[in-house]
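Observations on the model geometry
Next come the chains, spelled out residue by residue.
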Amino acid sequence: MTVEQQARGAAGASRRRSRKDEILEIAVGLFATRGYHGVSMDDIGAAAGVTGPALYHHFAGKEAMLVAALIPVSEGLLAGGRERATAHPDDPRAALESLIDFHVEFALANPAVIALHLHELDRLPDEPRRRIRRLQRLYVEEWVTVLTALHPGMPDGEARVLAHAAFGLMNSTPFLGGEVDRRRRAELLRGATLAALLA
């Protein structure tokens, strides 16, 4: 499932949208493995089985692909984070565990997108980059709200440090090999993140 499908829902997607999602998924994988500047439209077209110029029917260029990959995932993280944080208004421990479960599942399903966020975000123009940064800040604040409820008296600034440390743990998926199966990786990431945030 691609980032756009996760963020917007794929059930009602048309055949044309499905092809666009497929091309975007291929482009994301290439950007993540070769770097944004190491991939041309012709490379993406060859991997997708279409000519490079035909890609412009779906995207204005590589930059548009990068925007299409990164903005929906940031929107999806914020929406999912808010849903999980507010589902347990009187139980911050349960809210934290739900947030961790949500983010670990995202990180395991989307290592290429995480790699793009880490290495290619600054290649975007100012407007979409600012939009993504704002969405990211709002997502962090969902974690801050839960952490300060769980640890009464903790300053917001310290909670942000913990939240970013947790993201570092969970967003390590692009660097994990396949020697540990997915279920066990999820268990390890959830356990390590929860232990760090409860300490």
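Keep in mind the model is a prediction, meaning the values are calculated, not measured.

1. Examining the overall build of the protein chain
- Regarding its fold elements, the protein chain presents nine helices and zero strands.
- Here the protein chain has a C-alpha radius of gyration of 18 Å; the compact-globule value for 199 residues is 16 Å, and the two agree.
- For the protein chain, the C-alpha atoms occupy an extent of roughly 60 × 40 × 35 Å along the three principal directions.
- Across the 199 residues of the protein chain, 42% fall into the buried class.
- For the protein chain, the computed accessible surface area is about 10100 Å², with 52% contributed by carbon and sulfur atoms.

2. Quick word on helix α5 (residues 92-109)
- The first and last C-alpha atoms of α5 sit 26 Å apart over 18 residues, in line with the 26 Å expected at 1.5 Å per residue.
- At its buried positions, α5 is contacted by α4 (62-86), α6 (111-120), α7 (126-150), α8 (156-170) and α9 (182-198).

3. Describing the confidence of the model for the protein chain
- Averaged over all residues, the pLDDT of the protein chain equals 88, while 90% of them reach at least 70.
- This stretch, residues 1-16, has a pLDDT under 50; its non-local contacts, to residues over four places away or in other chains, come to 24 contacts.

4. Observations concerning the layout of surface pockets
- Its boundaries defined by the atoms lining it, the largest pocket holds a volume of some 480 Å³.
- Residue lining of the largest pocket: 19 residues in total, with His117, Gln136, His164, Phe167 and Asn171 positioned closest to the centre.
- Among the elements of the structure, α4, α5, α6, α7 and α8 are those that each provide at least two residues to the lining of the largest pocket.
- Broken down by element, the lining of the largest pocket gets its largest block of residues, seven residues, from α7.
- Classifying every residue of the lining of the largest pocket gives nine nonpolar, six polar and four charged.

5. Some thoughts on the environment of Gly178
- Along the chain, Gly178 falls in the loop between α8 and α9.
- For Gly178 and Gly45, which are 133 residues apart along the polypeptide, the C-alpha to C-alpha distance reads 28 Å.

6. Things to note about the side chain of Thr193
- As for its position among the elements, Thr193 is in helix α9.
- A relative accessible area of 0% places Thr193 in the buried class.
- What Thr193 contacts, discounting residues up to four positions off in sequence, is Ile100, Ala166, Leu169 and Met170.

What counts, and at which threshold
Each chain has its residues counted from 1, following the order in which its sequence is written. Where totals are concerned, whole chains, interfaces and linings use all residues; where local detail is concerned, this predicted model gives features only for residues with pLDDT of at least 70, and gives and counts side-chain atom pairs only at 80 or more. Side-chain descriptors were evaluated using all non-hydrogen atoms of the structure, hydrogens and water having been removed beforehand. Only DSSP runs of H or I with at least four residues qualify as helices, and only runs of E with at least two residues qualify as strands; both kinds are numbered from the N terminus onward. Restricting the calculation to C-alpha atoms gives the radius of gyration, and the globule rule supplies 2.2 Å times the number of residues raised to the power 0.38. Throughout this description, buried means an accessible area under 20% of the type-specific maximum (1.4 Å probe, protein chains only), exposed means over 50%, and partly exposed covers the range between. Computed with the Shrake-Rupley method and a 1.4 Å probe, the accessible areas treat only the protein chains shown as cover for residues. Helix span, expected: 1.5 Å multiplied by one less than the number of residues in the helix. The contact criterion used is simple: two residues touch if any of their non-hydrogen atoms lie within 4.5 Å. Values of pLDDT, which run from 0 to 100, indicate the predictor's confidence residue by residue. Throughout, the protein atoms alone are placed on a 1 Å grid, and a set of points is a cavity if a 1.4 Å probe fits but cannot get out or a pocket if it is open with protein on both sides within 12 Å along at least five of seven lines; lining residues have an atom within 4 Å of a point. Grid points are joined across faces, edges and corners, and a volume is the space filled by probe spheres set on the points. Residues are grouped as follows: Ala, Val, Leu, Ile, Met, Phe, Trp, Tyr, Cys and Pro are nonpolar; Asp, Glu, Lys and Arg are charged; all remaining types, including Gly, are polar.

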